[in-house]
Structures are given as structure tokens and as C-alpha cells.
Amino acid sequence: DTEVTQTPKHLVMGMTNKKSLKCEQHMGHRAMYWYKQKAKKPPELMFVYSYEKLSINESVPSRFSPECPNSSLLNLHLHALQPEDSALYLCASSQDPGTTYETQYFGPGTRLLVL
Amino acid sequence: GNSVTQMEGPVTLSEEAFLTINCTYTATGYPSLFWYVQYPGEGLQLLLKATKADDKGSNKGFEATYRKETTSFHLEKGSVQVSDSAVYFCARSSNTGKLIFGQGTTLQVKP
């Protein structure tokens, strides 16, 4: 089983709203990732959690706040977003953060529209 | 440099045609190489991978061989179907755990 699940599938929010994206995996993976993908572009890495600790923040604005409550769950809290933040947000996981050849498995994504 | 370069699309083929999507990479060391596929409105799915030189990854009729001498990982399929229409991303691993993606190649297969 290589399934990563994400909720919600679609989200529309105003610039003053607070919302959260959720990601879950039950593969025992110890690294989890958030990516942002604009139309017709490759995914851009936002955050990496390694053994439930934030290990990489790719200079993401503070209006995006990640959280890893346990080894299976990853959240992305959104607050005061801008219309240009509208995109597909993808979660991924991989087994062992310490290796350089790990395969990342992606979820289906949350399509976010900021009005 | 550290990059992945894919042939530009869109690539338009008729059903049952032969497919090649070129991918070359630059890296220090020997990264793992991946092809991901993204169907319309969906997330990325791992299509195939190779972790060392001369390895061949294969899945669903697609193949790619890790060529160290030419730093390439070209994707091939002998007979494409309409259902193969998607965006294909070549990617390589890095020593930070970050995936380095190519720009993606859109494949359109017409009946």
C-alpha cells in the first residue's frame, strides 16, 4: 500500500479566512513533505518534516504554517492568504529521511482557490 | 549545476504510436531517477524509478534506463493509448532529500 490521502480535495477561501489542509499516510514513512504546484509547472517544495521535526523550510511566507502532530499526519495551516497562493497543494511521504535515494509517494492534492 | 531537463511539449501522438520523452540530468554523485505521471486534475503518481547505473525501471508498458555515461533517463513506450494522455515529470533525488524535477512534458494521444 503506497497511499497518501489528503483532505479536502477542493477548498475555496477568502483572504481573511483561516483553514487547514490535512495529509495522512499509514506506510510507516518518517519523512513528509508539502509541495505547491501551479498550473503546467512542476511541484515546488515548501516544507520537509523528518522524524516529526521540521527539517527544511524553503523560505515559505509565514501565512503558511506546517504542523506534524504525529508520524502519520501532516497539516498545513493557512491564514491571510493572497490570490497568488491559489494552486494545487501536494503532500508526499518517503520511508527514511536519512537516505539520498528515497522514493517520494504523493497524495492526490488539495486544489486551493483564494478569492 | 543541479538540474533536470526534459524535452518540451506538448507531444501529440496517434494511438499505438511509439513514445520517447527525453530526460537528462546534471548531478554530483549518483542520484536515483524517477518518472512521475500526473493525469488531469490529479496528483503525481510514481510511474517508474531506477537507483543505479544501467538499471531499467518499467511499469504499465513504460520503460526507462539509467544511463550514467550520457546522464539520461529517457522514457519510452512501444504503443501509447489515449489513456496515457497526461503530464510526465522526470526527477532526480538529491542529498538533501529534495526532489529535483524537470519542467514536465504534456503528452496528448489521439484516437
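Because the structure is a prediction, the values reported are computed rather than measured.

Criteria and thresholds
Residues numbered from 1 in each chain as written. Chains lettered and ligands numbered in written order. Predicted model: local features only at pLDDT ≥ 70, side-chain atom pairs only at ≥ 80, totals over all residues. Heavy atoms only, no water. Phe/Tyr/Trp six-rings, centres within 6.5 Å; stacked < 30°, edge-to-face > 60°. Helix = DSSP H or I, 4+ residues; strand = E, 2+ residues; numbered from the N terminus. Buried < 20%, exposed > 50% of the residue type's maximum accessible area, 1.4 Å probe, protein only. Pairing = 2+ DSSP bridges. Axes fitted to C-alpha atoms, helices over the stretch in contact; angles between N-to-C directions.

**Student:** Even after reading the chapter, I still don't get the packing of aromatic side chains, so can you show me in this structure?
**Tutor:** The way to describe two aromatic rings as a pair is by their centre distance and the angle between their planes. For the coordinates displayed, the defined rule picks out eleven aromatic pairs over all chains. Geometrically, the ring pair formed by A:Y35 and A:F106 is tilted, given 5.2 Å between the ring centres and 45° between the ring planes. Here A:Y35, found in strand 4 (residues 31-37), pairs with A:F106, found in strand 10 (residues 105-106); they are 71 residues apart in sequence, far enough to count as distant. A residue is classified by how much of its surface remains accessible, and A:Y35, at 0% relative accessible area, is buried. Residue classification places A:F106 among the buried positions, given a relative accessible area of 9%. Here the aromatic rings of A:F106 and B:Y36 are separated by 5.3 Å at their centres, their planes lie at 85°, and the arrangement is edge-to-face.

**Student:** In this structure, what is going on with the sheet that holds strand 1 (residues 4-7) of chain A? I would like to understand it.
**Tutor:** Paired through backbone hydrogen bonds, the strands of a sheet run either parallel or antiparallel to each other. Residues and elements named next belong to chain A. Strand order in the open sheet formed by four strands is 1-3-8-7, with antiparallel pairing between adjacent strands. Each edge of the open sheet carries a strand with a single partner, namely strand 1 and strand 7 (64-70). On average, adjacent strands in this sheet sit at an angle of 20° to one another, irrespective of strand direction. Bridge count between strand 7 and strand 8 (residues 73-79): five bridges; the pairing is antiparallel. Looking across to strand 8, one finds that F64 is bridged to L78.

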